[in-house]
Amino acid sequence: MNNPKRCPLYKKCGGCQIHNMDYEAQLDFKMKKVVRLLGRFHYVENIIGMDNPYHYRNKVQAAFGRDKQNRIISGVYQSSTHRIVPVDNCLIEDKKADEIIVTIRKLIKSFKLGTFDENKMVGFLRHVLVKRGFASGEIMVVLVTGTEEFKSKRSFINALLERHPDITTIVQNINNKRTNLVLGEKMITLYGDGVIKENLCGYTFTISPKAFYQINPVQTEILYNKAMEFADIKKSDIVIDAYCGTGTIGIIASKYAGHVYGVELNKDAVRDAKKNAKLNNIENIDFVNTDAGRYMVNIADEGLKADVVIMDPPRAGSDIKFLKSLVKLSPKKVVYISCNPETLARDLMFLSKNRYKIRKIQPVDMFPHTEHVECAALLEFNPKR
Ligand code: SAH
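Note that the coordinates shown come from a computational prediction; the quantities given were computed from them, not determined experimentally.

Conventions we followed
- Residues numbered from 1 in each chain as written.
- Predicted model: local features only at pLDDT ≥ 70, side-chain atom pairs only at ≥ 80, totals over all residues.
- Heavy atoms only, no water.
- Helix = DSSP H or I, 4+ residues; strand = E, 2+ residues; numbered from the N terminus.
- Rg over C-alpha atoms; globule rule 2.2 N^0.38 Å.
- Buried < 20%, exposed > 50% of the residue type's maximum accessible area, 1.4 Å probe, protein only.
- Contact = heavy atoms within 4.5 Å.
- Areas by Shrake-Rupley, 256 points an atom, 1.4 Å probe, with all protein chains shown as cover.
- Lys, Arg positive; Asp, Glu negative; His and termini not counted.
- Charge placed at Lys NZ, Arg CZ, Asp CG, Glu CD.
- Core = buried A, V, L, I, M, F, W, Y, C linked by side-chain atoms within 4.5 Å.
- Pairing = 2+ DSSP bridges.
- Axes fitted to C-alpha atoms, helices over the stretch in contact; angles between N-to-C directions.
- Near = heavy atom within 4 Å.
- Polar contact = N/O pair within 3.5 Å; in protein donor to acceptor, adjacent residues only side chain to side chain.
- Nonpolar A, V, L, I, M, F, W, Y, C, P; charged D, E, K, R; others polar.

Caption draft 1: Main features of the overall build of the protein. A tally of regular secondary structure across the protein gives 10 helices and 16 strands. For 385 residues, the compact-globule estimate of 2.2 N^0.38 gives 21 Å, and the C-alpha radius of gyration of the protein, at 22 Å, lies within 12% of that figure. C-alpha extents for the protein along the principal axes are approximately 70 × 50 × 35 Å. The buried share among the 385 residues of the protein stands at 55%. Residue pairs at least 24 apart in sequence account for 66% of intrachain contacts in the protein once pairs closer than 6 positions are excluded. Working note: accessible area of the protein is about 17,900 Å², and carbon and sulfur atoms make up 51% of it. Considering the protein, the positive charge centre built from 59 side chains and the negative charge centre built from 43 side chains are found 4 Å apart.

Have a look at this one:
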């Protein structure tokens, strides 16, 4: 069945690979994919979809440039190119964020600030990044510019705030390198405190321009509650939150646990995680800045113990070093959260051959209209073998 809300840019943009299907058919497609990849390990629970699968993205990015007539355009890169497909509103992006981006495009023109030219590597505005806390209402705007010099800076900011008084912070980020990365190194806070706060599962989290934060807050809450239900943590339990990012899962787990250890490779994320723990007055949590595999090897070698390991690796999945130490550590339960059922299948295969039994598999639709699907799996250690 066709999608009733057709996006005219569906083919050019390439971001929503299965947007041609209606939502029920999309869920069916994802369910079949998960059953095909994971069905051999356990019965797959029905996928949890969204009541309203539109405008769910809390983070919106737009590239700025010129069309053939030299008019300023903003939008997304056509898949695997640096050609900009102009976008004013997108069916999956936050509406407010899209409105702010359109306003910025108009202001750039009236202030004669210009856009960055990636071929000549000169010019001003390169990207705009907007992050919005759906629960808190806070909004961050990041202006990514090719130069630090910002003509009429004060009046530009005032004009933007006048049109969107709900913006809570504006940051300038300088990126003058030839790169596919949106953000450069240098950040200058122009208005507010440079970060936004968001509420998730009863806790408050700080989101900075660079840190990873789940992009679908409605489904994240559902997914993390599922993960807690699977983990069924007891007050005496030592819990490891591996690949913890800014500490969201570990902080949510802390209220049930004896102690939580979060481990994460990115040092900025660890700094944010520590701040988040403080912000929520949590004392039974520590964060370690290292490779999750190495951390597991160390604690397994030291003969330490963990009762529950919650792991949420990137798309590539975990690695053999991590998985072997996990088996050595043999926590009673492992909750594996994955955004890629292919690597999840690979890792579950290893664990199922190494004394873990897969007890539950729950797909959650975090990314409607795209081909991606998130899963939570519960594994239990099987001592008799
Ligand atoms: N659980 C977090 C973040 C999940 S994203 C949340 O829900 O917000 C995956 C995280 O794994 C990223 O923060 C990434 O920096 C981190 N990561 C990637 N490779 C890693 C490794 N080898 N060791 C530890 N962390 C790693």
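Caption draft 2: View of the nonpolar core. The biggest cluster of nonpolar side chains holds 91 residues, and the ones touching the most others in it are L38, I240, I310 and F322. Setting aside chain neighbours within four positions, we find F322 in contact with A242, Y243, A292, G293, M296, V309 and M311. If you look at the next biggest cluster of nonpolar residues, it comprises 27 residues, including A62, I139, L160 and I167.

Caption draft 3: Here's a closer look at the sheet that holds strand β5 (residues 139-145). Here 7 strands make up an open sheet; going across it, the order is β3-β2-β1-β4-β5-β6-β7 and the pairing mixed. Strands with a single pairing partner mark the edges of an open sheet, and in this sheet they are β3 (84-86) and β7 (186-191). Shown here is a sheet whose adjacent strand axes are inclined to one another by a mean of 35°, direction ignored. Of the strand pairs in this sheet, β5 and strand β6 (residues 169-174) are connected by 6 bridges, and their pairing is parallel. Looking at β6, one finds that L143 is bridged to Q172. Of the strands in this sheet, β1 (59-66), β2 (72-77), β4 (125-132) and β5 are in contact with helix α3 (residues 95-110), which crosses β4 at around 150°. Where helix α4 (residues 153-163) meets the sheet, it contacts β5, β6 and β7, and its direction lies at approximately 65° from that of β7.

Caption draft 4: Broad picture of the sheet that holds strand β16 (residues 374-381). Sheet architecture is open: 7 strands sit in the order β12-β11-β10-β13-β14-β16-β15, paired in mixed fashion. Both edges of this open sheet fall to β12 (285-289) and β15 (356-364), since each of them pairs with a single strand only. Within this sheet the neighbouring strands show an average axis-to-axis angle of 15°, counted without direction. Here strand β11 (residues 259-264) pairs with β12 via 5 bridges, running parallel. Paired with G262 across the bridge in β12 is F287.

Caption draft 5: Quick look at the site of the ligand. Lining the immediate environment of the ligand, one finds 16 residues, of which Y224, E264, D291, A292 and D312 sit closest. In this structure, a nitrogen atom belonging to the ligand sits 3.2 Å away from a main-chain N or O atom of L265. Between the ligand and D312 there is a distance of 2.9 Å, counted from a nitrogen atom to a side-chain nitrogen or oxygen. The protein chains hide 85% of the 580 Å² of surface that the ligand would expose on its own. Residues belonging to the shell around the ligand are distributed by class as follows: 8 nonpolar, 5 polar and 3 charged.

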